[in-house]
Amino acid sequence: PSKPAARKRKDETSLLGVRLTSPERVLFPEQGLTKLDLARLYEQIHEWVLPHLARRPLSLVRCPQGRNDECFFQKHPRSAIPDSVPRIDVPEKKGSAEYVYVESAADLIGLVQAGALEIHPWGSRIDHLEQPDNLVFDLDPDEGIAWQEVLRVAVTLRERLESLGLTPFLRTTGGKGLHLVVPIEPSAEWDRAKAFAKGVAEAHAKDDPQRLTTNMSKAKREGRIFIDYLRNGRGATAVASYTVRARQNAPVAVPIRWDELNAALRADRYNVQNLRRRLSALREDPWAGFSEAARPLDAKLLKAVGVK
Ligand code: ATP
Ligand code: MN
Ligand code: MN
């Protein structure tokens, strides 16, 4: 149960011990959703957010004045984030760079304080930074692609991954497409994980070249679904489950069960207004068994998709 925020000054409040300035600032004008509303949302749903998000380096989409004003994608937000939010130095080609990560509900509030309207984690945790523990197959339909097509590709890609002994889980992005998220044991390093994802994506596209591409060029994506395997490189990110998008209607990226994938679903089906209802109606975590389903990307699997 959430405690009422202790009022300090009119233009400042605090939530879970984190100072929130301009709590009444409207971040999503169409919904009238304020900074305090967003902070309270994360306070309420943190038990859904944190298991998948905690202890991963983060990139943020910050829109300090709200989503209709200037927004920027930041890997190293530095001073904008409250000191209470933990940091880690990540080795880079030259030296290292500081990333923020979260461990608690208060840390999520800290991100909101900095105007973070989107949260994008790495596929690895700080405990084993060089070995991702999940892969993301990001289905990006071109304009005009029917939902039925996206749905069908999600299903066939699931079959391919399952035939390799892997277990993909499904997520709406809040945007246009879907993510298939595959838990793996954090043993293979980034280069091999990315090569594996590329191998799977290319094999899939080869079976249906009219509909699919793994080429990110605009021309090749025209009239097709781009299977974006590039989310799986070191430093690459994908939006976190149960977090908001800085898009129209304040959509949320939401894990769903495979049996919820149907013609009526849409990538932006869930948003800040209907998310709580969904969560309270759930009888079970739609991603139950996620961690247990992790398999190692071993030599046999890599060979199966043509990676030496
Ligand atoms: P959709 O379903 O609409 O495709 P999505 O979240 O999958 O939603 P994409 O455009 O496919 O959106 O993926 C972009 C991903 O790339 C983001 O999730 C983010 O993690 C990452 N990214 C890297 N650089 C940027 C940037 N400058 N702006 C936005 N996202 C970026
Ligand atoms: Mn996408
Ligand atoms: Mn993409």
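Counting starts from 1 at the beginning of each chain's written sequence and moves along it residue by residue. A letter from A marks each chain and a number from 1 marks each ligand, given out in the order of writing. Reporting in this predicted model follows two pLDDT cut-offs: at least 70 for local features of residues, and 80 or more for side-chain atom pairs to be given and counted; totals over whole chains, interfaces and linings ignore these cut-offs and use all residues. Only hydrogens and water are set aside; all other atoms, that is, all heavy atoms of the structure, feed into the side-chain values.

Participant: Got a sec to walk through the domain arrangement of the protein? Specific residues and values, please.
Facilitator: Each assigned domain of the protein is listed here: domain 1 (12-121) and domain 2 (130-236 + 245-308). Counting from both sides, the interface comprises 20 residues of domain 1 and, opposite them, 21 residues of domain 2. Here the buried area means the combined drop in accessible surface, using a 1.4 Å probe, for two parts upon being joined, counting both sides. Of the roughly 1700 Å² buried between domain 1 and domain 2, counting both surfaces, carbon and sulfur atoms make up 56%. By convention in these notes, a salt bridge is any Lys or Arg side-chain nitrogen within 4 Å of a carboxyl oxygen on Asp or Glu. Taken together, the links from domain 1 to domain 2 amount to 2 salt bridges. The salt bridge partner of D133 is R56, with a shortest N-O separation of 2.9 Å. N or O atoms within 3.5 Å of each other form a polar contact, as long as, within protein, one can give a hydrogen and the other can take it, and as long as residues adjacent in sequence are counted only when both atoms are side-chain atoms. At the junction of domain 1 with domain 2, the criterion picks out 8 residue pairs in polar contact (both at pLDDT 80 or more). Going along the chain from the N terminus, every DSSP run of H or I of four or more residues is numbered as a helix, and every run of E of two or more is numbered as a strand. Broken down by element, the residue count for the side of domain 1 that touches domain 2 peaks at 5 residues, all from helix α1 (residues 35-53). Note that domain bounds follow an automatic or database assignment of domains. In what follows, residue pairs with any heavy atoms lying within 4.5 Å of each other are defined as contacts.

Participant: Talk me through the layout of surface pockets; I want residue IDs and the actual numbers.
Facilitator: When its volume is computed, the largest pocket comes out at roughly 620 Å³. For cavity detection a 1 Å grid was placed over the protein atoms alone, and a set of points counts as a cavity when a 1.4 Å probe fits there but cannot get out; an open set counts as a pocket when protein lies on both sides within 12 Å along at least five of seven lines, with lining residues being those that have an atom within 4 Å of a point. Around the largest pocket sit 27 residues that line it, and D138, D140, K176, R221 and R247 are the ones nearest its centre. Of all the elements in the fold, those that place two or more residues in the lining of the largest pocket are β11 (134-141) and α5 (218-221). Broken down by element, the residue count for the lining of the largest pocket peaks at 3 residues, all from β11. Polar here means any residue outside two lists: the nonpolar Ala, Val, Leu, Ile, Met, Phe, Trp, Tyr, Cys and Pro, and the charged Asp, Glu, Lys and Arg; Gly therefore counts as polar. Among the residues making up the lining of the largest pocket, the classes are represented as 6 nonpolar, 8 polar and 13 charged. Two domains each donate at least three residues to the lining of the largest pocket, and these are domain 1 (12-121) and domain 2 (130-236 + 245-308). Grid points are joined across faces, edges and corners, and a volume is the space filled by probe spheres set on the points.

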